[in-house]
Amino acid sequence: MAEEEVKLGSSKPMIATQQEMMDNRVPISYRDQCAHLLIPLNKCRSAEFFLPWKCEAERHTYEKCEYELVMERMLQMQKIRELEEKKKKAKQVQGAAAGIPLIPSSANA
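Residues numbered from 1 in each chain as written. Predicted model: local features only at pLDDT ≥ 70, side-chain atom pairs only at ≥ 80, totals over all residues. Heavy atoms only, no water.

**Student:** Looking at this model, I keep getting lost on the environment of Ile 39. Mind explaining?
**Tutor:** Turning to its location among the elements, Ile 39 is positioned in helix 2 (residues 35-47). With a relative accessible area of 11%, Ile 39 lands in the buried category. Between the C-alpha atom of Ile 39 and that of Val 26, which follows or precedes it by 13 residues, the distance is 7.3 Å. Once residues lying within four places of it in the same chain are set aside, the contact partners of Ile 39 are Ala 16, Glu 20, Asn 24 and Val 26. (Helix = DSSP H or I, 4+ residues; strand = E, 2+ residues; numbered from the N terminus. Buried < 20%, exposed > 50% of the residue type's maximum accessible area, 1.4 Å probe, protein only. Contact = heavy atoms within 4.5 Å.)

**Student:** Where do I start with the state of the cysteines in this structure?
**Tutor:** By definition, a disulfide is the covalent link that joins the sulfur atoms of two cysteine residues. The full count for this structure, using the stated rule, is two disulfides. Each disulfide pairs two cysteine sulfurs, and for Cys 34 the partner residue is Cys 65, the sulfurs being separated by 1.9 Å. Measuring handedness by torsion sign, the sulfur bridge of Cys 34 and Cys 65 sits at about -85 degrees and is left-handed. With Cys 34 in the loop between helix 1 (18-23) and helix 2 and Cys 65 in helix 3 (residues 56-97), the pair connects residues that are 31 residues apart, well separated along the chain. Across the pair, Cys 65 and Cys 34 agree in class, each one buried. Residue Cys 44 pairs covalently with Cys 55 via a disulfide, S to S 1.9 Å. Taking the torsion about the S-S bond as the criterion, the Cys 44 to Cys 55 disulfide, at about -90 degrees, is left-handed. In this pair, Cys 44 is assigned in helix 2 and Cys 55 in the loop between helix 2 and helix 3, connecting sequence segments 11 residues apart. Of the two residues, Cys 44 and Cys 55, neither departs from the other in class, the shared state being buried. Counting its disulfide-bonded cysteines in sequence order, the chain shows a connectivity of 1-4, 2-3. (Disulfide = S-S within 2.5 Å.)

Function cannot be read off these values alone, since they describe shape.
Shown next, in the form of structure tokens:
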């Protein structure tokens, strides 16, 4: 039986470079695959004095990107859990079929 592996990490490429993120003072916790969308959003926000009804298109594209990353991570975690469950069931089947039970069935009566 072939071992299945879940590919970790994002399928989205990093577009913004470390230097670009440093130059635009993007906080380290926001330096992900959507940072290239955060840079113009932050520039728009500062130019528009952080008015909430401004920069809606930039905010929408950034939030959509973040949402897609979260959904991708959730799917990866679900696949990991399914693989672990398969391995656990395979071990139980293998353990139950191998050898003599430690407690005889008549003892449970």
